[in-house]
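Examining the three-dimensional arrangement
Below, each chain spelled out in residue letters.
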Amino acid sequence: MGRFVARRLLQMIPVFVGTTTLIFFMVRVLPGDPVAAMWGDKAPDPAQLAAFKHRMGLDKSMIQQYLDYMGNLLTGDFGQTMAGRKVIDVIGEALPVTMRLALLAFAIELVLGVAIGLFAGLRRGKSFDKGTLLFTLLLISIPVPVLGFIFQNVFATNLGWVTPTVQNSENLGQLLLPAVVLGSLSLAYVARLTRTSIVENVKADYMRTAVAKGLPRRKVIGTHLLRNSMIPVVTFLGTDLGALMGGAIVTEGIFNVKGVGNALYHAINLKEGATVSGFVVVLVLVYLAASLIVDLLYAVLDPRIRYA
Amino acid sequence: MRGASQAKWVVAAVAVALAATACGGGASGGGDAANGPVDAAGTFSYQSSEPQNPLQPANAMEVGGGRVIKSLFKGLVDYDPATGALRNQVAEKIETTDAQNYTVTLKSGWTFHDGTPVTAASFVDAWNWGANTKSGQINSDWFSDIAGYEAVHPEKGDPTAETMSGLKVVDDTHFTIQLTGPVSYFQYKLGYTAFSPLPKAFFTDPAKYGQNPVGNGPYKFVSWEHNKAITVAAYDQYAGADKPKNGGIVFKNYSQSEAAYKDLVSDNLDVLDQVDPADLASYKSDLGNRAVDQAQGAIQNISFAMYQADWQGVDKAKVRQGLSMAIDRETITKTVLNGSRQPADSWVAPGAMGYKAGTCGDACKYDPAKAKQLVTEGGGVPNNKITIVYNSDGGHKEWVDAVCNSIRQATGVECVGDPKPDFKTSRDLIKKKQVQSMMRTGWVQDYPLNANFLRDVYGTGAAANDAGYSSAEFDRFAAEADKATSVEKTAELYQQAEAQLAKDMPAIPLWYYKTTSGYSNNVQNVKFDSFGDPVFTQVEVKQK
């Protein structure tokens, strides 16, 4: 197990370097000059433009800029925004907000998704099962922006339960509505995955054995059925956590949540290479950590899967 | 003209409203049932965005930082929000006899928010610093009229001096400005935020100061929560003519204007910047008498790539006029743009001094038959096809398509939009003069004077001359206008320069921008100036 973790951590290095390299160049080969765009419709002042580029290191060759960037990254320096703020500060402000939003969404999809999937799977073919299939199909087919606007209109404008946008991004209660919107798509997938898995496993030999042993129903379902059925769900949930972190751009925009999505949107608009790369680096780390946890969880869920 | 009468109506309405509040105080506004008792210490929120630069007066070109700076600083002069006329603020008087040498006398009693007095040196030091290449200020070329600018801001390399020779402090309340040549409307430029004074404390650490600015304006800085909000509070020692009628402003960040609109409708946001396109059709019915719809000092044009051989020669002016005549401005502004623009009849926006209705003449009136005739007479368009370069991230696609449609139907010239992914990309192409036939261009006033719409956009070699237009006649009128002894005379002479544009048609004026906005039930007396900014100091917060 220890060797497995070590190997996985080592594997992360090339993945990390590869993704950061890719994103670094991808952002920088986008057409348009971010510095000149600071002057808007007006012509940039050539002396100022040159001075600015020099200060930002943008007058160096792309390779040199890349080496500088990667070198600084190793020392934990993510560079500066064009407004002169440290990128790490920008990330530090946005990340906790999105983390909270994503974890809330994650908790909703995990608890509700597994519960709905379990009940639907155990009552296969009954009306609850059919209802679940219909309901999840609906969720999957509605694009997130549409769902966001519907929720905004129903719960804020019509019912007046909440404010249309989040007034305080640090307030968990206010984040609940965007979290539901953000988690709803995955909720549908989790419910369906769980249901299918349950339906398959409920007829398995070990289930019959467990029932024959006279184990209480709660234990049969909880330890035997659910545990074995969770493997595909955990795989999905692991990658989904990363997707939730990065994919909140739309949801955060609709509800004006001051998180990663908002900051990233702003940075992409300004073509701020350093900020975009910085956020992607962090997101890559989140993905890597999540997939590592998933792999470790396999061992916990099913000891037959051996490592080493 | 429809445009002129509308603008006048707005000006008159604002004037009446200002007069009413000035004489009546708390008891004013009997005609408006929604008015209630006012909380003079109440704060209100305003839709904003994260500033792109530190909050330094010469470093704010975009609205996110610009509006905050405007509330924190006050220069020598500003523009009366109701009429757009120049008004003295820190300046007691600004005198000149030759439009080149100015003597400035300051009022006494002005202080910065840290309590230090505003002196002649506060201005001279600030301007010298702002002009210096090393300071890295976006607006530094605003000081380029001043003698000695070249020394602190050479075309290339490091500055050779720290100060401009054209600025001299006489004593605490007097200083002189010498320009490189006569600029009759220099005082108009002085209303721009770049010319704000700075306190001594600024120069010890400008970067740190930019996160925590100390100004001399109606509001003092309270806090800046990055990407969330900037809060300012009324400054009780403010010596200006426009004392705040409220306790402060929260500039609240929104990345999507739809979200801001939703907040406004539910009274979670007090003043909107602009209604988003999706809600334009319904905002008047949503907001009732809290909806705002008035002219702004900004114009949308499409310009010709005059540097391409295809567009040169005398006859081609006819083709350009014909194309302009082929555009049905009335219908497009009403339908495609939901009435959020006002058809243009000149190259200067109404509200700016020197605006003259109808300078574009018949060329801005829709006449498909005449349009076709002119295009044919002028020898037609190369390959009978034109393209309009625009940025697809700014909501321009719909109207560009409509304009092309109009041109196609009227003249038979094939016309298509040529979208570029974003503003930066299209600007790159335009700046490098690689546009083939036409491009979207626009101009937002820096100060409400026609010279700003003409000289800075159509003068030979002017920084914003995207069309690459060059006319000896235009330049002659402009030069004469700059030497005039009064601003009135300048405005008049620039009208003659504008007449030259009607002959050459280097750019087709399409429509003027409008401020389409609104405010919540928590506030009243919300007026907008011709820059499209709310008159922050006039906003009254209702008692809860």
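Residues numbered from 1 in each chain as written. Chains lettered and ligands numbered in written order. Predicted model: local features only at pLDDT ≥ 70, side-chain atom pairs only at ≥ 80, totals over all residues. Heavy atoms only, no water.

Considering the sheet that holds strand β13 (residues 385–391) of chain B
Residue and element names in this part refer to chain B. Applicable threshold: Note on pairing: two strands pair once DSSP finds at least 2 bridges between them. Strands here mean DSSP runs of E at least two residues long; helices mean DSSP runs of H or I at least four residues long; both are numbered from the N terminus. Fitted lines through C-alpha atoms give the axes, limited to the stretch in contact for helices. The angle between two N-to-C directions lies from 0 to 180 degrees. Residues count as neighbours in contact if any of their non-hydrogen atoms are within 4.5 Å of one another.
With mixed pairing, six strands are arranged side by side in an open sheet as β12-β16-β11-β15-β13-β14. One side of each edge strand has no neighbouring strand; the edge strands of this open sheet are β12 (341–343) and β14 (414–420). On average, each strand axis in the sheet is tilted by 35° relative to the strand beside it, whichever way the strands run. Sheet analysis places strand β11 (residues 291–304) next to strand β15 (residues 438–444), joined by seven bridges and oriented antiparallel. Across the sheet, Gln300 pairs through a bridge with Gly442, a residue of β15. Running over the sheet, helix α9 (residues 316–325) touches β11, β13 and β16 (507–518) and is turned about 35° from β16.

As for the state of the cysteines
When the sulfur atoms of two cysteines share a covalent bond, that bond is a disulfide. All names here are of chain B. The condition that has to hold: When two cysteine sulfur atoms lie within 2.5 Å, the pair is treated as a disulfide. Type-normalised accessible area, obtained with a 1.4 Å probe on protein chains alone, sets the label of each residue: buried when under 20%, exposed when over 50%, and partly exposed for intermediate values.
The tally for this structure, following the rule as stated, stands at two disulfides over all chains. What pairs with Cys360 in a disulfide is Cys364, and their sulfur atoms sit 2.0 Å apart. Taking the sign of the torsion about the S-S bond as the criterion, the disulfide between Cys360 and Cys364, at about 80°, is right-handed. Pair check on accessibility: Cys360 and Cys364 agree, each one buried. Paired by a disulfide, Cys404 and Cys415 hold their sulfur atoms 2.0 Å apart. Across the disulfide from Cys404 to Cys415, rotation about the S-S bond amounts to roughly -55°, and the bridge is consequently left-handed. Note that Cys404 is positioned in helix α12 (residues 397–411) and Cys415 in strand β14, a separation of 11 residues in sequence.

Comments concerning the domain arrangement of chain A
What counts, and what does not: For the purposes of this description, domain bounds are those given by an automatic or database domain assignment.
If you check the domain split of chain A, you get domain 1 (2–74) and domain 2 (94–269). The C-alpha centroid of domain 2 of chain A is placed 35 Å from the C-alpha centroid of domain 1 of chain A.

Observations regarding the sheet that holds strand β4 (residues 91–96) of chain B
Residues and elements named next belong to chain B. Ordered in space as β4-β5-β7-β6, the four strands form an open sheet in which the pairing is antiparallel. The open sheet has two edge strands, β4 and β6 (167–171), and neither has a second partner. Sheet twist, expressed as the average angle between the axes of neighbouring strands with direction ignored, equals 20°. Summarising the sheet, β4 and strand β5 (residues 101–106) pair through five bridges and their orientation is antiparallel. Paired with Thr96 across the strands is Tyr102, a residue of β5. Its contacts with the sheet place helix α3 (residues 120–131) against β5, β6 and β7 (174–178), and it is angled at close to 165° to β6.

A look at helix α14 (residues 450–458) of chain B
All names here are of chain B. Burial within α14 is extensive, with seven of its nine residues counted as buried. All of the buried residues in α14 are Asn450, Ala451, Asn452, Phe453, Leu454, Val457 and Tyr458. Buried positions along α14 lie against β11, β15, α15 (472–483), α16 (487–504) and β16.

Digging into the interface of chain A and chain B
When the parts of a complex come together, some accessible area is lost, and that lost area is often used as the size of the interface. Applicable threshold: Each reported salt bridge corresponds to a side-chain nitrogen of Lys or Arg within 4 Å of a carboxyl oxygen of Asp or Glu. Polar contact is defined as a pair of N or O atoms within 3.5 Å, subject to the rule that within protein one atom must be able to donate a hydrogen and the other to accept it, and that residues adjacent in sequence are counted only when both atoms are side-chain atoms. Polar here means any residue other than Ala, Val, Leu, Ile, Met, Phe, Trp, Tyr, Cys and Pro, which are nonpolar, and Asp, Glu, Lys and Arg, which are charged; Gly is therefore polar.
Contacts between the two partners involve 40 residues from chain A, matched on the other side by 41 residues from chain B. Applying the counting rule to chain A against chain B returns one salt bridge. Across the pair Glu170(A) and Lys228(B) runs a salt bridge whose closest N-O atoms are separated by 3.6 Å. Applying the counting rule to chain A against chain B returns 12 residue pairs in polar contact (both at pLDDT 80 or more). If one sorts the elements of the side of chain A that touches chain B by residue count, helix α11 (residues 260–270) of chain A sits on top with five residues. Taken together, the residues that form the side of chain A that touches chain B break down as 17 nonpolar, 13 polar and 10 charged.

Let's talk about the layout of surface pockets
Picture a little ball the size of a water molecule; that probe, rolled over the atoms, points out where space is still empty. Selection criterion: Of the two site types, the cavity is a set of points on a 1 Å grid over the protein atoms alone where a 1.4 Å probe fits but cannot get out, and the pocket is an open set with protein on both sides within 12 Å along at least five of seven lines, each lined by residues with an atom within 4 Å of a point. Grid points are joined across faces, edges and corners, and a volume is the space filled by probe spheres set on the points.
Looking at the second largest pocket, its volume works out to about 1,100 Å³. Considering the residues around the second largest pocket, the lining is formed by 44 residues, among which Arg55(A), Met56(A), Gly57(A), Leu58(A) and Gln80(A) are closest to the centre. Taken together, the elements giving at least two residues each to the lining of the second largest pocket come down to α1 (2–28), α2 (46–56), α3 (62–74) and α12 (273–301) of chain A together with α6 (206–209) of chain B. The leading source of residues in the lining of the second largest pocket is α3(A), at five residues. Its residues assigned to classes, the lining of the second largest pocket shows 18 nonpolar, 16 polar and 10 charged.

Overview of the pattern of salt bridges
Under the counting rule described, the total for this entry stands at 25 salt bridges over all chains. When the shortest N-O distance is used, the salt bridge between Arg8(A) and Asp295(A) registers 1.9 Å. Here Asp295(A) lies in helix α12 and Arg8(A) lies in helix α1, a separation of 287 residues in the sequence. In this structure, Arg8(A) and Asp295(A) share a single accessibility class: buried. Where Asp242(B) meets Arg87(B), a salt bridge forms, and the shortest distance between an N and an O atom there is 4.0 Å. Of the two residues, Asp242(B) sits in the loop between β9 (229–234) and β10 (248–253) while Arg87(B) sits in strand β3 (residues 86–88), which places them 155 residues apart along the sequence. A relative accessible area of 9% means that Asp242(B) is categorised as buried. Linked by salt bridges that have partners in common, Arg67(B), Lys70(B), Asp273(B) and Asp533(B) make up one network.

Here we look at the packing of α1(A) against α3(A)
Residues and elements named next belong to chain A. Condition: Note on terminology: angles under 35 degrees are roughly parallel, angles over 145 are roughly antiparallel, angles of 65 to 115 are roughly perpendicular, and the others are oblique. Each helix crossing is assigned a hand: it is left-handed if the near helix lies turned anticlockwise from the far helix by less than a right angle, otherwise right-handed if that turn is clockwise.
Two elements in contact, α1 and α3, have axes separated by 11 Å at closest approach and are oriented at 135°. With respect to α3, the element α1 is oriented oblique. The interaxial crossing formed by α1 with α3 has right-handed handedness. Each of Phe16, Val17, Thr20, Thr21, Phe24, Phe25 and Arg28 in α1 lies in contact with α3, whose residues at this interface are Met62, Ile63, Gln65, Tyr66, Tyr69, Met70 and Leu73.

Observations concerning the packing of helix α8 (residues 205–212) of chain A against helix α9 (residues 217–246) of chain A
All names here are of chain A. One way to put it is that α8 packs onto α9 with a least axis distance of 11 Å and a crossing angle of 175°. If you check the angle between α8 and α9, you find them roughly antiparallel. Of the residues in α9, those touching α8 at Tyr206, Met207, Ala210 and Val211 are Val220, His224, Leu225 and Asn228. Its residues assigned to classes, the contact of α8 with α9 shows six nonpolar, two polar and no charged.

Section: the UniProt feature "domain: Solute-binding protein family" (unreviewed entry) in chain B
Rule in force here: UniProt positions are given in the numbering used here, feature names are shortened, and annotations may be inferred rather than shown by experiment.
Annotation from UniProt places "domain: Solute-binding protein family" (unreviewed entry) at residues 87–463 of chain B. Between the C-alpha atoms that bound residues 87–463 of chain B the distance is 28 Å, and the span itself is 26% helix and 21% strand.

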